[in-house]
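Architecture and fold: a report
The chain contents come next:
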Amino acid sequence: MASLAGASKIALRDVRQVFRVRAAGDRAAHEFVALDGLDLDVREGEILTLVGPSGCGKSTVLDLVSGLSTPTAGAVEIDGRPVSGPGLDRGVVFQQYTLLPWRTALGNIEFALEAVGGRRKAERRRVAHEYLELVGLTDFADRYPHELSGGMKQRVAIARSLSYQPEVLLMDEPFGALDAQTRERLQEELVQIWRRTGTTIVFITHDIEEAVFLGQRVAVMSTRPGKVVEIINVVLDRTSGDADIRSTAEFAAYRHQIWGHLRQPAPAYRAEVHRVA
Ligand SMILES: Nc1ncnc2c1ncn2[C@@H]1O[C@H](COP(=O)(O)OP(=O)(O)O)[C@@H](O)[C@H]1O
Ligand SMILES: [Mg+2]
């Protein structure tokens, strides 16, 4: 049965993630608390942006949701079921380009569809073309990754992740390596793609403007240890076009609000590194 619109698609409950680390010149193992008491709900069909400073634990959260790691404590659930590993219900797009260099743009998408299985070659090709069209790269189908710009490579990566129709798209600073103009264009395109596909998107960024522009809700993370400190509902009048909303007073107010959360003075240094007994 289809989930109710707005129902919780992804839930993280009281999540704690501890890494064992070894300090230089110290042979003893220490525990580093990356996340502690982290709660987050992602609603079906929304774009939720997760914003926070570098090192606060954003990628750690994404690894948990994608199933690449399991939490030290707490629960990570999709549709009410614990995440037990990676799955085709979740597509992931990373900051670093992850295309196969020996495959064309089209071939990279076909490769993902081969891995998923269940479709004949001609059908894989048709679907790959369809998703290249979705990201505006029809004319670049036969180009190899080294013949594509950074923005184009990320478009292919997005098309590849969407081609097998995951229910959730997880994006970890996917536009972080792009120049400002390309980044803004891809943000606008992503909103359009989201409107067309209805995919639930979790988008991670350290860029406040990006978080406000893309997110229907913005989850603000603090550091040491990482947890969600605020959820902000973003209500912007997008009728005059996506590009214009960045210069509105409302947009500035949201940006300011999030900035305020992130620039709170860090609490007195608390030992987040504990010696392992
Ligand atoms: N596998 C790991 N082992 C030890 N420490 C880690 C590991 N992964 C992440 N960390 C640490 O956890 C913290 C959060 O990392 P990360 O989730 O990558 O932050 P962000 O994505 O917000 O920049 C950082 O201090 C990082 O050094
Ligand atoms: Mg990261």
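Refer to the structure presented above.
Since this is a predicted model, take the numbers as computed values, not measurements.

Near ligand 1 you find F19, V21, F32, A34, G52, S54, G55, C56, G57, K58, S59 and T60, and these make up its full shell. Broken down by secondary-structure element, the contributors of at least two residues to the shell around ligand 1 are β1 (8-22), β2 (29-43) and α1 (58-66). No other element matches the three residues that α1 contributes to the shell around ligand 1. Tallied by class, the residues present in the shell around ligand 1 amount to five nonpolar, six polar and one charged.

Right, let's get into the sheet that holds strand β7 (residues 168-172). Taking strand neighbours across the sheet as the criterion, the six strands line up as β6-β7-β8-β3-β9-β10 in an open arrangement whose pairing is mixed. Two strands in the sheet have a free side with no partner beyond their single neighbour: β6 (90-93) and β10 (227-233). For this sheet, the mean inter-axis angle between neighbouring strands, taken without regard to orientation, is 20°. Sheet topology note: the β7/strand β8 (residues 200-205) ladder contains five bridges and is parallel.

Moving on to the environment of T70. With respect to the helices, strands and loops of the structure, T70 is situated in the loop between α1 and β4 (73-78). Taking the C-beta count within 10 Å as the criterion, T70 has 13 such neighbours and is therefore assigned partly exposed.

With that settled, the discussion passes to unusual backbone geometry. The omega torsion of the bond from R224 to P225 falls at -15°, within 30 degrees of zero and hence cis. Within the fold, P225 resides in the loop between β9 (217-222) and β10. Phi at R224 takes a positive value of approximately 55°, unusual for a residue other than glycine. The class for R224 is partly exposed, based on 18 C-beta atoms found within 10 Å.

With that settled, consider the packing of helix α4 (residues 150-163) against helix α5 (residues 180-197). Closest axis-to-axis distance for the α4/α5 pair is 11 Å, and the angle between their directions is 20°. For the element pair α4 / α5, the angle class is roughly parallel. Between α4 and α5 lies a crossing whose hand is right-handed. Here G150, G151, Q154 and L162 of α4 lie close against α5, whose contacting residues are T182, L186 and T197. Counted by class, the contact of α4 with α5 contains two nonpolar, five polar and no charged residues.

Quick look at the packing of helix α2 (residues 105-116) against α4 now. Where α2 meets α4, the axes come as close as 9 Å, and the angle between the chain directions of the two elements is 25°. Our classification of the angle between α2 and α4 gives roughly parallel. Judged by the twist between their axes, the crossing of α2 over α4 is right-handed. Each of A105, N108, I109, A112 and L113 in α2 lies in contact with α4, whose residues at this interface are V156, A159, R160 and S163.

Analysis parameters
- Residues numbered from 1 in each chain as written.
- Chains lettered and ligands numbered in written order.
- Predicted model: local features only at pLDDT ≥ 70, side-chain atom pairs only at ≥ 80, totals over all residues.
- Near = placed C-beta within 6 Å.
- Helix = DSSP H or I, 4+ residues; strand = E, 2+ residues; numbered from the N terminus.
- Nonpolar A, V, L, I, M, F, W, Y, C, P; charged D, E, K, R; others polar.
- Pairing = 2+ DSSP bridges.
- Axes fitted to C-alpha atoms, helices over the stretch in contact; angles between N-to-C directions.
- Buried ≥ 20, exposed ≤ 12 C-beta atoms within 10 Å, placed from the backbone.
- Parallel < 35°, antiparallel > 145°, perpendicular 65-115°, else oblique.
- Left-handed = near helix turned anticlockwise from the far one by under 90°.
- Contact = placed C-beta atoms within 7 Å.

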